[in-house]
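# An overview of the molecular structure
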Amino acid sequence: EVSISELGLGYESDETVLFRYCSGTCEAAVRSYDLSLKSMRSRRRIKKEKVRARPCCRPLAYDDDVSFLDTYNRYYTVNELSAKECGCV
């Protein structure tokens, strides 16, 4: 449970939300694409270092939108904030 302000989205509010997130490894989800990308990187056929040759754990679905009042009594709604379901992509 965290305050809206702690989320780092630029809102000032003391209201709290339940922030669910995804984490973990995805070794079992490695596909031909990932193996080929890893090979191309090792052969320096792909120069960008920021390219990742493995899947990562990310939200596949999100909880309902979150609505709140900020410290100036303005009403906001944020969507796709808290993970409902995670998977390897």
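Only a predicted model underlies this, so the values are computations on that prediction, with no experimental measurement involved.

Moving on: the state of the cysteines. Overall, the coordinates contain two disulfides when judged by the stated rule. The disulfide bridge from Cys22 ends at Cys86, spanning 2.0 Å between sulfur atoms. Because the torsion about its S-S bond is -85°, the bridge between Cys22 and Cys86 counts as left-handed. Residue Cys22 is found in the loop between β2 (16-17) and α1 (32-42), and its partner Cys86 is found in strand β6 (residues 83-88); the two are separated by 64 residues along the sequence. On the accessibility criterion, Cys22 (17% relative accessible area) is buried.

Across all of its chains, the model carries two salt bridges by this definition. For the salt bridge of Arg20 with Asp63, the shortest nitrogen-to-oxygen distance reads 2.8 Å. Of the two residues, Arg20 is situated in the loop between β2 and α1 and Asp63 in the loop between β3 (57-62) and β4 (66-69); the sequence distance between them amounts to 43 residues. Among the residues examined, Asp63 registers a relative accessible area of 21% and is labelled partly exposed. We note a salt bridge from Arg74 to Asp70, for which the minimum N-O separation is 3.0 Å. You can call Arg74 partly exposed: its relative accessible area is 42%.

Throughout the structure, instances matching the rule amount to four aromatic pairs. Centroid distance Tyr11 to Tyr76: 4.7 Å. Interplanar angle 50°. Geometry classified as tilted. Taken together, the residues Tyr11 in the loop between β1 (2-3) and β2 and Tyr76 in strand β5 (residues 75-78) connect sequence positions 65 residues apart. On the accessibility criterion, Tyr11 (24% relative accessible area) is partly exposed. Judged by its relative accessible area of 26%, Tyr76 is partly exposed. Taken together, a centroid distance of 6.3 Å and an interplanar angle of 25° make the contact between Phe19 and Tyr21 stacked. Owing to a relative accessible area of 61%, Tyr21 belongs among the exposed residues under this scheme. Connected via pairs of aromatic rings, a cluster forms that spans Tyr11, Phe68 and Tyr76.

On to the confidence of the model for the chain, then. Confidence in the prediction of the chain, expressed as mean pLDDT, is 89, and 93% of residues score 70 or more. The secondary structure element of the chain with the lowest average pLDDT is α1, at 83, and the one with the highest is β5, at 97.

Another aspect to go through is the environment of Glu27. Structurally, the position occupied by Glu27 is in the loop between β2 and α1. Linking Glu27 and Arg54, residues 27 residues apart in sequence, is a C-alpha distance of 7.6 Å.

Conventions used here
- Residues numbered from 1 in each chain as written.
- Predicted model: local features only at pLDDT ≥ 70, side-chain atom pairs only at ≥ 80, totals over all residues.
- Heavy atoms only, no water.
- Disulfide = S-S within 2.5 Å.
- Helix = DSSP H or I, 4+ residues; strand = E, 2+ residues; numbered from the N terminus.
- Buried < 20%, exposed > 50% of the residue type's maximum accessible area, 1.4 Å probe, protein only.
- Salt bridge = Lys/Arg side-chain N within 4 Å of Asp/Glu carboxyl O.
- Phe/Tyr/Trp six-rings, centres within 6.5 Å; stacked < 30°, edge-to-face > 60°.
- pLDDT = per-residue confidence, 0-100.

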